[in-house]
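Remarks on the overall topology
Below are the chains, spelled out letter by letter.
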Amino acid sequence: MNQNEIMTKMETIIDESKVGLLATTDQKNCPRVRWMTPAILPQRGGSIYAFSDTNAMKIQDIMHQGEVKWLFQTHDLKEVVSARGITHVTTNPSIKNEVMDLLVSHLTKLWTLNLSHTETVVLETVIT
């Protein structure tokens with residue numbers, strides 16, 4: 001599979017499952033894994049996006065070590081795709097709005113924290 005085919009497969013799996021696992025490394029080089037609600041913005045190909053609370057531990061992990069790994073699977077576990085990349089934390093309003101438009105209905109857990117728009121950031125993983 002070439003990169004475009006992998007991105008298309010990843011986007012299909014994300015659209016179906018609505019979740020993925022994000023693995024980071026903390027300051028003691030211990031791995032941390034958490035469920036996330038990712039999105040792929042077709043007009044910004046080659047990256048995976050997700051929202052986060054600015055105070056989440058994963059933000060500190062990413063600031064320390066930006067290399068991450070994502071894992072996606074179909075509900076029936078017949079297909080699994082992983083992606084490695086460099087993640088950047090962004091507060092760019094344009095990107096936040098694009099990601100919000102795609103994910104707003106899937107982020108019930110984030111909204112139960114009663115976060116304002118200024119307390120959220122977008123994680124942008126550029127796939128390597």
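Right above here is the structure, for reference.
Now for a description of the structure that goes with this document. The residue numbers shown here count from 1 along each chain, following its written sequence. At least 70 in pLDDT is required for a residue's local features to be given in this predicted model, at least 80 for side-chain atom pairs to be given and counted, and no such filter applies to totals for whole chains, interfaces and linings, which use all residues. Side-chain numbers here rest on the full set of heavy atoms in the structure, without hydrogens or water.

Comments concerning the pairing of strand 5 (residues 67-73)
Rules: To sort residues, take the accessible area from a 1.4 Å probe on protein chains only and compare it with the maximum for the residue type: under 20% means buried, over 50% means exposed, and anything in between is partly exposed. By the criteria applied, helices consist of DSSP H or I runs no shorter than four residues and strands consist of E runs no shorter than two, each listed in order from the N terminus. At least two bridges found by DSSP between two strands are what make those strands a pair.
Of the two faces of strand 5, only the one carrying Val68, Trp70 and Phe72 is buried; Glu67, Lys69, Leu71 and Gln73 on the other face are not. Judged from the three bridges that link them, strand 1 (residues 20-25) and strand 5 form a sheet pairing that is antiparallel. When the bridges of strand 5 are listed, leucine 22 appears paired with tryptophan 70. Alignment of strand 5 against strand 6 (residues 80-90), held across seven bridges, turns out to be antiparallel. Paired with glutamine 73 across the two strands is valine 80, which belongs to strand 6. Connecting the antiparallel pair strand 5 and strand 6 is a turn made up of six residues, with leucine 77 showing a positive phi of about 65°.

What about the sheet that holds strand 6?
The criterion, for reference: Contacts are assigned to residue pairs that have any heavy atoms within 4.5 Å of one another. Here, axes are lines fitted to C-alpha atoms. For helices the fit covers the stretch in contact, and angles between N-to-C directions go from 0 to 180 degrees.
Strand order across the open sheet formed by seven strands is 2-1-5-6-7-4-3, with antiparallel pairing between neighbours. Sheet topology places strand 2 (31-36) and strand 3 (38-39) at the edges, where each strand pairs with a single neighbour. Where strand 3 and strand 4 (residues 47-53) come together, two bridges link them in antiparallel fashion. Its bridge partner being in strand 4, proline 38 is matched across the sheet by alanine 50. The strands touched by helix 3 (residues 93-103) are strand 3, strand 4, strand 6 and strand 7 (120-127); relative to strand 4, the strand with the most contacts, the crossing angle is about 90°.

A short note on the pattern of salt bridges
Heads up, the condition is: Salt-bridge detection follows one rule: a side-chain nitrogen of Lys or Arg within 4 Å of a carboxyl oxygen of Asp or Glu.
Under the defined criterion, the tally for this structure stands at four salt bridges. For glutamate 79, the salt bridge is made with lysine 9, and the minimal N-O distance between the two is 2.7 Å. Residue glutamate 79 is located in the loop between strand 5 and strand 6, and its partner lysine 9 is located in helix 1 (residues 3-17); the two are separated by 70 residues in the primary sequence. According to the relative accessible area criterion, glutamate 79 is partly exposed, its value standing at 31%. Note that arginine 34 and aspartate 61 form a salt bridge whose closest N and O atoms lie 3.5 Å from each other. With arginine 34 in strand 2 and aspartate 61 in helix 2 (residues 57-64), the pair connects residues that are 27 residues apart, well separated along the chain. The class of arginine 34 is buried, set by a relative accessible area of 16%.

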